[in-house]
Amino acid sequence: MLDRYLPADFEPQWRARWKEADLFLTQIEPGRPKFYGLDFFPYPSGAGLSVGHCRNYVPTDAICRMKRMQGFNVLHPMGFDAFGLPAENEAIKRQRHPSEMIEEYAANYRSQMDLIGISYDWSRSFKSSDPDYYKWTQWIFKLLYERGLAERRMAAVNWDPVDMTVLADEEVIAGRAERSGALVEKKYIPQWFFRITDYAQRLLDDLDDIDWPEGIKQMQRNWIGRSEGVEFEMEVVIDPESIRPKEDDGDLEIEVLEKPLKFRVFTTRIDTIFGVTFCVLAPEHPVVDQILKRVNSQRKTEIDAYRQAAREMSDIDRQAVGREKSGVRTGALAINPLTNEAVPVFIADYVLMGYGTGAIMAVPGHDDRDFEFAEKYDLDVRPVIAPEGADELPDLPFSLKEGVLINSGDFDGCSVADAQAELGQWFETNEIGERKVNFKLRDWLISRQRYWGCPIPIVYDKEGHAETVPDDALPVLLPDVESYEPSGDGTSPLAHMEEFVNVTTRDGNLGRRETDTLGGFACSSWYFLRFCDPFNEDKPFSPESVAEWMPVDCYVGGAEHAVMHLLYARFWTKVLYDAGLVSVKEPFQRLKNQGQVLGHTPYRAPREGEKLGVGEEGILISYQEAEVLPAEDVIWRWVRMSKSKGNVVTPNEAVEQYGADALRLHELFVAPFDQSVNWTNEGMNGTARFLSRSLKWVSDGRNHFESEWSNRIDSAPADERSKRIRRVTHQLIAKAESDIDRFSFNTYVAAMMTALNSYAELGFAEQMSDAERLAWSEALESFTLVLSPGAPHTADEMWEGLGHFGFTLEATWPQSNASLAADDQITVAVQVNGKLRDTIAMPAGAPKEDMEEAALASEKVQSHLSGVTIRKVIVVPGKLVNVVAS
RNA sequence: GCCGGGGUGGCGGAAUGGUAGACGCGGCGGUCUCAAACACCGUUGGCAGCGAUGUCGUGCGGGUUCGAGUCCCGCCCCCGGCACCA
């Protein structure tokens, strides 16, 4: 065996042998516990993997490898999220067909993953663009449709003018398309939606039962945005000053004018209803159309102008931070149902049509936005809540969730909580309104006007009625065409392909296919289920296979999918659960987000005439340029690795220069798993050195190795050295096991380094007792096995060096024994008044009295006790003695 | 503004309320070498001291405790997310 870490000399051979042996095939043995370890479904980009991507693949691999050695049935699959915009855009850019391009990129990803020894079962792999897979995506679409959860309807949707398709709300960040960065436009076109809002409450509640990072859960809670309140009706009258003169009535029918006008408002603060001094409608609110008919021409002109301006404004302008409030008086008055007070009704764009009822009761005394508006239009501000027991009110506006009501008639002195309960009841009793829960979550817009996606299995008859494609006609194949660029007219390129569009309906008449495709997030919402049963030709998956593997025990990926993929996948799982197809309510029991890997990236200050883009802090330059420029002109920053930034380190380079195991261990060791990393290649020196020392140690020790050690070790009389060796070994096993389980991979690697240092310090004795030889045998074998999840190539090299056949992955994880791991000597810290003054070695388990006696006997302690009186002595068994004196 | 996560040596970081800085990188000194690289050995928080040792030290200010990086209160700063959601 090698006695130095020369990766090129042995790592490729081990990878070949693993492949030869089909080592990573999923094995199911009855009676064993299962472990499903999964990485996020990657889109295989043409740039290939960077060492940044390896930062989730390596830890997942390590934990899966350990679980397999511990006797679990392990499912550790990988596939590719091939459908969707990124793939299609890249294909257009390179003037290629997405299908063959993706094939090539996926193969490259796979070769890179293999290069660093990730133990994926590739036999189960698929791409979301494989007809065998998307057949079942369509099948699940139909299931949603049949359950009333997929529907096509007219809506104001987000149109991305660059990618020429609509986008889901989740894909729009602050008015811009998340991917293209374009300002989204509003379009009123019919689109397919999944009714995820039907599941809002369950998606919220079940977050409590899963082990996810608190931040991600919180983001989902915010996105779902539940709020409790009261929705009630307000009647509208027209202010006499603004009323439309009788003589103008002309063609208007009397009944129309006599029909009572009203609108509904939603509030979470019904307790502040006595503080309502005006109401605000969203400009798009339908009741405004009715008001328009009844007000005079001056009002009408103002309202029309404001509505027009609001319609033309983009979302990003309308929602710009710090924008001044604006609105116009409608001339209508709304009647406060509790006080019968008439307050003016405005339209203003700070009220959104899409949330609640699109109308609010404004309480400027206790709401910042309403206050700002009231200031501008000189409206009354009325405090109705006071802090309990305070003499003076804080400056208005203030928002208090605790306090008592004032200026509120019969409710004066009532607490906020009581008032909310009583008023909610009052509205319900009087049938003016009811308590209601509102969600910010909107339905999931899933149709896309693009070619490279899963076709929607729907056909329209000549009246335009939708029907699903029969199961035996699935999949609806995506036609293979030369030209697939987006049309840009709001239809998919498929709409222009007659042979695709023209079909017959179920009753044999002429029909028309749906030509939009499903957004990529639909395809990735169930792939983890297909991995359980990837070869099934009759079903998306069998209930038994899903019951065997689900839920995913450990799901690893970046935090950027916090509310998209992770919310959609939870939704689909719940629908499939309701349909009785899946045994779990939540797909991902434990979620972990890896930290980002940042590359050292050179920038320079902009020169005269150069402008920085939004959010840019300098002009990106190449490494070559950075070397030429004077050092003071170059600004180095740590920036997420990406091809466009030119700061990528590939695993291929790292393996070439340092070795696959050195890379793997460095990925684990460099920082806590969830923290971002400033990447430097030099860091791999440390892990490569450690691997060299490990190989050297095993190579030296194998002469003493006795393969039958485990049969004899407990009967051989232990001596001092054998006990010390075994203590190191058993402490290592326990530490490694718990560290890997709790995703503390950096301390797992550190523990192996510490153990190796201890072994090296002990050294192999020239004259070795039987007990020592057996202890070393245990140490050599256990160390090798513990190393295996992190550095499998090296571990297998050592394993063979020790005379074993086969692979460490197939060996049994060593069992740690707590009594062998326990120290027999302890170091007692001795403090005087909390300050460390001495340390004393004592036998483990020494009684408190002995510890106190030894502590007080210490010269160093005595020197700090002269002239003072001992007040108290605190003894922590096995740890410390603190002498309190004054 | 709101929500979440963080601030520990030159750097990455470790530490169930109990010896702060494990482990590694880098630095320094040495061995090997004609020399260098590699490797190996030693050393490495600041200040004072030849030294034993003393003293300061986990973002800042308070508090609880025999004892606080860790718990509580009030701030400051950094990162991520949301942002007129009534």
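Rules behind the numbers
- Residues numbered from 1 in each chain as written.
- Chains lettered and ligands numbered in written order.
- Predicted model: local features only at pLDDT ≥ 70, side-chain atom pairs only at ≥ 80, totals over all residues.
- Heavy atoms only, no water.
- Salt bridge = Lys/Arg side-chain N within 4 Å of Asp/Glu carboxyl O.
- Helix = DSSP H or I, 4+ residues; strand = E, 2+ residues; numbered from the N terminus.
- Buried < 20%, exposed > 50% of the residue type's maximum accessible area, 1.4 Å probe, protein only.
- Arc of directions from axis to C-beta.
- Contact = heavy atoms within 4.5 Å.
- Near = heavy atom within 4 Å.
- Polar contact = N/O pair within 3.5 Å; in protein donor to acceptor, adjacent residues only side chain to side chain.
- Nonpolar A, V, L, I, M, F, W, Y, C, P; charged D, E, K, R; others polar.
- Pairing = 2+ DSSP bridges.
- Axes fitted to C-alpha atoms, helices over the stretch in contact; angles between N-to-C directions.

Undergrad: I keep staring at the pattern of salt bridges and nothing clicks. Help me out?
TA: Two side chains bearing opposite charge may form a pair once their charged atoms approach each other closely. Under the counting rule described, the total for this entry stands at 56 salt bridges. The partner of Asp 163 in a salt bridge is Arg 450, with the nearest N and O atoms 4.0 Å apart. Placement of the pair is Asp 163 in the loop between strand E3 (150-160) and strand E4 (165-167) and Arg 450 in the loop between strand E18 (447-448) and strand E19 (454-455), with a sequence separation of 287 residues. You can call Asp 163 buried: its relative accessible area is 5%. Residue Glu 233 pairs with Arg 264 through a salt bridge whose shortest N-O separation is 3.5 Å. With Glu 233 in strand E8 (residues 226-238) and Arg 264 in strand E9 (residues 261-267), this pair connects stretches of sequence that are 31 residues apart. Since its relative accessible area comes to 28%, Glu 233 is described here as partly exposed. Here Arg 264 falls in the partly exposed class, since its relative accessible area comes to 25%.

Undergrad: I keep staring at helix H7 (residues 214-224) and nothing clicks. Help me out?
TA: Owing to its 3.6 residues per turn, the α-helix aligns residues three or four sequence positions apart on the same side. Residues of H7 that are buried include every one of Ile 216, Lys 217, Gln 220 and Ile 224, and no others. Projected onto a plane normal to the axis of H7, the buried residues spread over an arc of 100° and lie on a single side. Buried residues along H7 sit in contact with helix H6 (200-205), E8, strand E16 (433-439), helix H18 (565-578) and strand E26 (591-593). The first or second residue beyond H7 is Gly 225, which carries a positive phi of 55°.

Undergrad: How do you make sense of the protein's contact with RNA strand B when you look at a structure like this?
TA: Taken together, 52 residues surround RNA strand B, and among them Thr 268, Lys 325, Arg 369, Val 670 and Arg 689 come closest. The sugar and phosphate moieties of RNA strand B supply 63% of its atoms located within 4 Å of the protein. Separating a base nitrogen of RNA strand B from a side-chain N or O atom of Arg 323 is a distance of 3.0 Å. Backbone polar atom of Tyr 350 to a sugar or linking oxygen of RNA strand B: 2.8 Å apart, as the coordinates give it. Mapped onto the surface near RNA strand B, the elements with two or more residues apiece are H7, E9, helix H22 (683-701), helix H25 (745-762), strand E31 (825-832), strand E32 (835-843), strand E33 (870-876) and strand E34 (880-885). The biggest single contributor to the surface near RNA strand B is H25, with 6 residues. Looking at the surface near RNA strand B residue by residue, the class counts come to 21 nonpolar, 17 polar and 14 charged.

Undergrad: Any chance you could explain the sheet that holds E31 here in plain terms?
TA: Hydrogen bonding along the main chain pairs the strands of a sheet, whether they run parallel or antiparallel. The strand order E32-E31-E34-E33 describes an open sheet built from 4 strands, whose pairing is mixed. Two strands bound the open sheet, and with one partner strand each, they are E32 and E33. Going from strand to strand, the sheet's axes swing by 20° on average, the running direction of each strand aside. Bridge count for E31 against E34 is 4 bridges, and the pairing is parallel. Its bridge partner being in E34, Ala 829 is matched across the sheet by Leu 880.

Undergrad: Looking at this structure, I do not really get the sheet that holds strand E22 (residues 502-504). What am I missing?
TA: One open sheet accounts for 4 strands, arranged E21-E20-E23-E22; its pairing is antiparallel. Lying at the two open borders of the sheet, with one neighbouring strand each, are strand E21 (466-468) and E22. Along the sheet, successive strands turn relative to each other by an average axial angle of 45°, direction set aside. The sheet contact formed by strand E20 (residues 458-460) and E21 spans 3 bridges and is antiparallel. Each bridged residue has a counterpart across the sheet, and for Tyr 460 the counterpart in E21 is Ala 466. Docked against the sheet, helix H5 (residues 131-146) engages E20 and E21, running at close to 130° with respect to E21.

All we've got here are geometric facts, nothing functional implied.
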